[in-house]
Amino acid sequence: MREPEIELLCSQLASYYVFPDTANEIAKVLRARLDEGAYSTVDDDEAFAAAVTADLQSVNGDKHLRLLYSAAEVPESDQESAWDPVAYRKEAEQDAFGIRKLERLEGNVGLLELSLLHDADIATPAIIAAMNLIAHTDALIIDLRKNGGGDPHTVALVCSYLFDEPVHLNDIYNRPDDTTQQFWTLPHVPGPKFGGKKPVYVLTSSRTFSGAEELSYNLQQNERATLIGETTKGGAHPGDRYRVGPHLKSSIPNGRAINPISGTNWEGVGVVPHIQVPADEAFAVAYEKATAMS
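Attention in this report is confined to the structure presented alongside it. No experiment lies behind these values; they were computed from the predicted model shown.

Before going further, it helps to examine the pattern of salt bridges. Once the charged atoms of two side chains with opposite charge are near each other, the side chains can pair. By the definition in use, this model includes 8 salt bridges. We note a salt bridge from Glu5 to Arg2, for which the minimum N-O separation is 3.1 Å. Residue Glu5 is classed as buried on the basis of its relative accessible area, which comes to 16%. We classify Arg2 as buried; its relative accessible area is 4%. With a closest N to O distance of 3.0 Å, Glu7 and Arg31 form a salt bridge. In this pair, Glu7 sits in helix α1 (residues 3-16) while Arg31 sits in helix α2 (residues 20-36), placing the two residues 24 residues apart along the sequence. Looking at Glu7, the relative accessible area reads 31%, which means it is partly exposed. You can call Arg31 partly exposed: its relative accessible area is 34%. In this structure, a network of salt bridges that share partners links the residues Arg2, Glu5 and Asp45.

Here the focus is the packing of α1 against α2. What describes two packed helices is the angle between their axes and the distance between those same axes. Running from N to C, α1 and α2 point in directions that differ by 175°, and their axes come no closer than 9 Å. Considering the angle they form, α1 stands roughly antiparallel to α2. Here Glu3, Ile6, Glu7, Leu9, Cys10, Leu13 and Ala14 of α1 lie close against α2, whose contacting residues are Ala23, Ile26, Ala27, Leu30, Arg31 and Leu34.

The rules behind these values
Residues numbered from 1 in each chain as written. Predicted model: local features only at pLDDT ≥ 70, side-chain atom pairs only at ≥ 80, totals over all residues. Heavy atoms only, no water. Salt bridge = Lys/Arg side-chain N within 4 Å of Asp/Glu carboxyl O. Buried < 20%, exposed > 50% of the residue type's maximum accessible area, 1.4 Å probe, protein only. Helix = DSSP H or I, 4+ residues; strand = E, 2+ residues; numbered from the N terminus. Axes fitted to C-alpha atoms, helices over the stretch in contact; angles between N-to-C directions. Parallel < 35°, antiparallel > 145°, perpendicular 65-115°, else oblique. Contact = heavy atoms within 4.5 Å.

Pasting the structure below:
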């Protein structure tokens, strides 16, 4: 009953997954589970997606590798990707482009809470406005405790306001076209920068994922910020989404991050903060340090 979806998913893994050998191993697991009848009694698409996701992640624990249930119908298209830019733009607008909170706290400490790092082609004006508003604070707290990730171009934009000199932040290898893209701080950003000298504190939790982990890792590797909180979730493989059925789409990582300083990334291990405290205590620790410095 579920064979068409499983076979389509296996073919997507073979075409796109960043590690071809691992894709073969994962496909073997899925086909074995299909033959065992593991999916035959799962009529509900949402339950099916959850069961398949557990099997997808059983080989190497890649948290980006998922089968997603969509309540809205996933339209058939001649495009490979199942990405819906119109729906996504509306979602980003309603999310205030990921800017959950922006404040100047007592003691002239800036607080920027980001819930997502939305695509740069949509979120750039909002990120610029936020970074300009906190540019003249004496210390900055960036709260990524509830941030599920996002666009490496947006990560680079945020970082560009926190350094004075050009910095090579990250590389991303992309399997489908066998290329590696470098990400640097931008040579010019609109408005004033926070700059590269004043203290920055980044708050993390076990929920901090993907692009938010990249932002944390970039700043940590360049010794630009003090990370406070919990070890992050551990996902360093960006990817795309593909249609599997009317209410199902796969999330398949087709790339991997390569930090130019460490030569590796945070996949499977997370980003370990400098100061490890429970996530709900991280702000108090950071604010105390920020006010002591300012």
